[in-house]
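# Chains, contacts and geometry: an overview
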Amino acid sequence: MTFEEAQKELETIVQRLESGDAPLDEALKLWQRGEELYRFCKERLDAAEGKIEELASRADAVKP
């Protein structure tokens, strides 16, 4: 799953939960899936941030 796919699914889940149309059991399953997707997205963003910081420090190191 890509970050973009996970983000889109998470947005769909949030909309579904905010609408209030989901029965309780379904809402609980949606919430659980949403937490999984949130963690997945956060891990990807944290990894990207780390890479960006590393690349920025490399760029700073080669500046005259």
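The structure presented is a predicted model; accordingly, all values stated were derived computationally and were not measured. (Residues numbered from 1 in each chain as written. Predicted model: local features only at pLDDT ≥ 70, side-chain atom pairs only at ≥ 80, totals over all residues. Heavy atoms only, no water.)

### A closer look at the environment of Arg-33
- Mapped onto the fold, Arg-33 is located in helix H2 (residues 24-62).
- By relative accessible area, Arg-33 is classed as partly exposed at 28%.
- Distance from Arg-33 to Ile-13, taken between C-alpha atoms, is 8.2 Å for residues 20 residues apart in sequence.
- Beyond its immediate sequence surroundings of up to four residues, Arg-33 is in contact with Met-1, Glu-9 and Ile-13. (Helix = DSSP H or I, 4+ residues; strand = E, 2+ residues; numbered from the N terminus. Buried < 20%, exposed > 50% of the residue type's maximum accessible area, 1.4 Å probe, protein only. Contact = heavy atoms within 4.5 Å.)

### Examining the layout of surface pockets
- Each pocket or cavity is described by its volume, and for the largest pocket that value is around 160 Å³.
- Every residue lining the largest pocket is listed: Leu-10, Ile-13, Val-14, Leu-17, Glu-18, Leu-30, Trp-31, Gly-34, Glu-35 and Tyr-38.
- Elements supplying a minimum of two residues to the lining of the largest pocket: helix H1 (3-19) and H2.
- Within the lining of the largest pocket, the residues separate by chemical class into 7 nonpolar, 1 polar and 2 charged. (1 Å grid on protein atoms, 1.4 Å probe; cavity = no way out; pocket = protein on both sides within 12 Å on 5 of 7 lines; lining within 4 Å. Points joined across faces, edges and corners; volume = space filled by probe spheres on them. Nonpolar A, V, L, I, M, F, W, Y, C, P; charged D, E, K, R; others polar.)

### With respect to H2
- Helix length check: H2 (39 residues) gives 57 Å between terminal C-alpha atoms against 57 Å at 1.5 Å per residue, within 8%.
- Listed as buried for H2 are Ala-27, Leu-30, Gly-34, Leu-37, Phe-40 and Cys-41.
- Each element contacted by the buried residues of H2 is listed here: H1. (Expected span 1.5 Å × (residues − 1).)

### Topic: the environment of Phe-3
- Topologically, Phe-3 is positioned in helix H1.
- A relative accessible area of 23% means that Phe-3 is categorised as partly exposed.
- In this structure, Phe-3 is in contact with Phe-40, Cys-41, Arg-44 and Leu-45, ignoring residues within four places of it in sequence.

### Here we look at the packing of H1 against H2
- Orientation of H1 relative to H2, taken along the N-to-C sense of each, is 145 degrees, at an axis distance of 9 Å. As for the relative orientation of H1 and H2, their crossing is left-handed in sense. Two secondary-structure elements touch here, H1 through Phe-3, Ala-6, Gln-7, Glu-9, Leu-10, Ile-13, Arg-16 and Leu-17 and H2 through Glu-26, Ala-27, Leu-30, Trp-31, Arg-33, Gly-34, Leu-37, Tyr-38, Phe-40, Cys-41, Arg-44 and Leu-45.
- When its residues are assigned to classes, the contact of H1 with H2 shows 13 nonpolar, 2 polar and 5 charged. (Axes fitted to C-alpha atoms, helices over the stretch in contact; angles between N-to-C directions. Left-handed = near helix turned anticlockwise from the far one by under 90°.)

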